[in-house]
Amino acid sequence: MKNTFVITIDGPSSSGKSTIAKLVAAHYKYTYIDSGSIYRAITFLANENKLLNSKEINVNFLINLLENNSISFFNNSKNQNIITLNDVDIEDEIRTSIISNHVSRVAQIDRIRNYVFEIQKKISKDKSIVMDGRDIGSVVFPDADVKFYIDASLKVRAKRRWNDLIVNEKNISLNDVTNDLFNRDKIDVNRKISPLVVPHDSIKINTDNFTIDQVVHKMIKLIDKKIKK
Ligand code: C5P
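Below is a short write-up of the structure. Since the structure is predicted, the reported quantities are computational estimates derived from the model, not experimental observations.

Criteria and thresholds
- Residues numbered from 1 in each chain as written.
- Predicted model: local features only at pLDDT ≥ 70, side-chain atom pairs only at ≥ 80, totals over all residues.
- Heavy atoms only, no water.
- Axes fitted to C-alpha atoms, helices over the stretch in contact; angles between N-to-C directions.
- Helix = DSSP H or I, 4+ residues; strand = E, 2+ residues; numbered from the N terminus.
- Parallel < 35°, antiparallel > 145°, perpendicular 65-115°, else oblique.
- Left-handed = near helix turned anticlockwise from the far one by under 90°.
- Contact = heavy atoms within 4.5 Å.
- Nonpolar A, V, L, I, M, F, W, Y, C, P; charged D, E, K, R; others polar.
- Pairing = 2+ DSSP bridges.
- Expected span 1.5 Å × (residues − 1).
- Buried < 20%, exposed > 50% of the residue type's maximum accessible area, 1.4 Å probe, protein only.
- Arc of directions from axis to C-beta.
- Near = heavy atom within 4 Å.
- Polar contact = N/O pair within 3.5 Å; in protein donor to acceptor, adjacent residues only side chain to side chain.
- Areas by Shrake-Rupley, 256 points an atom, 1.4 Å probe, with all protein chains shown as cover.

Packed helix pairs are characterised by how far apart their axes lie and by the angle those axes make with each other. One way to put it is that helix 7 (residues 154–165) packs onto helix 8 (residues 174–190) with a least axis distance of 9 Å and a crossing angle of 120°. Considering their axes alone, helix 7 and helix 8 lie oblique with respect to each other. As for the relative orientation of helix 7 and helix 8, their crossing is right-handed in sense. Residue-level inspection shows L154, R157, A158, K159, R161, W162 and L165 of helix 7 in contact with helix 8, the latter providing L174, V177, T178, L181, F182, R184 and D185. By residue class, the composition of the contact of helix 7 with helix 8 is eight nonpolar, one polar and five charged.

Written out as structure tokens, the structure is:
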């Protein structure tokens, strides 16, 4: 009998899914895995090696870099998974706007997606998990126990993201953030491999008019029902 439980949370950028996913994972004492952070770490590595300056990313070079560097998660004392590059915590470095502006370009490369797929499977083996991303319920865990799709309007998402970024990037405008989200959504939804879709068997929640706590409460009620079945 299967004794692990898999919850997937997909949705566009800044829909609130990672905050929600962390709270849901903490409630059930499951492992939270932020799949976007893996794509961001790869983009960070590409940026450090000046691969983002050209129009076409040199995929062979990037794959070679991945083979010679190690991206992994480190579980800290608060049971949080911290992403590391060669054992160095890069959580802050991967959240800057330069990485956000390029990550969707990197994430549309099929060899990169295959590489990330292997990491996703490896780190979730034999564990109950909550994983968020774009293709988690559709491609990575098509047989997940519960799937959610968390959405919000572009206006609300941009304001949330801008509020986060302005703390460290004083000159960033709401307009720039809105454009970045719009462009990322466009690439994520239209890419050929594993585009952002609403998995057909997912529960869709729009967070525009709800607090994080209200959304989490609703999700826990739905998950409890599935667990009891
Ligand atoms: O979730 P986050 O905004 O950090 O994800 C950054 C980017 O990584 C997304 O815009 C998307 O291009 C890519 N991504 C993806 N598939 C996932 C998670 C993230 O393509 N499962």
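Spatial strand order, 2-6-1-7-8: five strands in an open sheet with parallel pairing. Lying at the two open borders of the sheet, with one neighbouring strand each, are strand 2 (31–34) and strand 8 (203–206). Across the sheet, the axes of successive neighbouring strands diverge by a mean angle of 20°, strand direction being ignored. Packing of helix 2 (residues 35–48) onto the sheet brings it into contact with strand 2 and strand 6 (129–133), and relative to strand 2 it is tilted by some 40°.

For helix 9 (residues 212–228), which comprises 17 residues, the first-to-last C-alpha distance of 24 Å matches the rise-based estimate of 24 Å (1.5 Å per residue) to within 8%. Looking only at helix 9, the buried set comprises V215, V216, M219, I220 and I223. For helix 9, the buried positions fall inside an angular range of 130° around the axis, keeping them on one side. The exposed residues of helix 9 that point more than 90 degrees off its buried face are H217, K221, K225 and K228. Elements in contact with the buried residues of helix 9: strand 1 (6–10), helix 1 (17–28), strand 7 (146–151) and strand 8.

We now examine the packing of helix 3 (residues 59–68) against helix 5 (residues 110–124). Orientation of helix 3 relative to helix 5, taken along the N-to-C sense of each, is 20°, at an axis distance of 10 Å. If you check the angle between helix 3 and helix 5, you find them roughly parallel. Judged by the sense of rotation from one axis to the other, the crossing of helix 3 with helix 5 is right-handed. Contact residues: V59, N60, L62, I63 and L66 in helix 3; R111, I112 and Y115 in helix 5. Looking at the contact of helix 3 with helix 5, its residues break down into six nonpolar, one polar and one charged.

Within the structure, the ligand sits among 17 residues, and R40, R113, D135, D188 and R191 are positioned closest to it. With respect to the ligand, the side chain of R191 contributes an N or O atom lying 2.9 Å from an oxygen atom. Bound to the protein, the ligand loses 95% of the 450 Å² it would expose on its own. Put simply, the parts of the chain that give the shell around the ligand at least two residues each are helix 2, helix 4 (97–107) and helix 8. At four residues, the largest contribution of residues to the shell around the ligand is made by helix 2.

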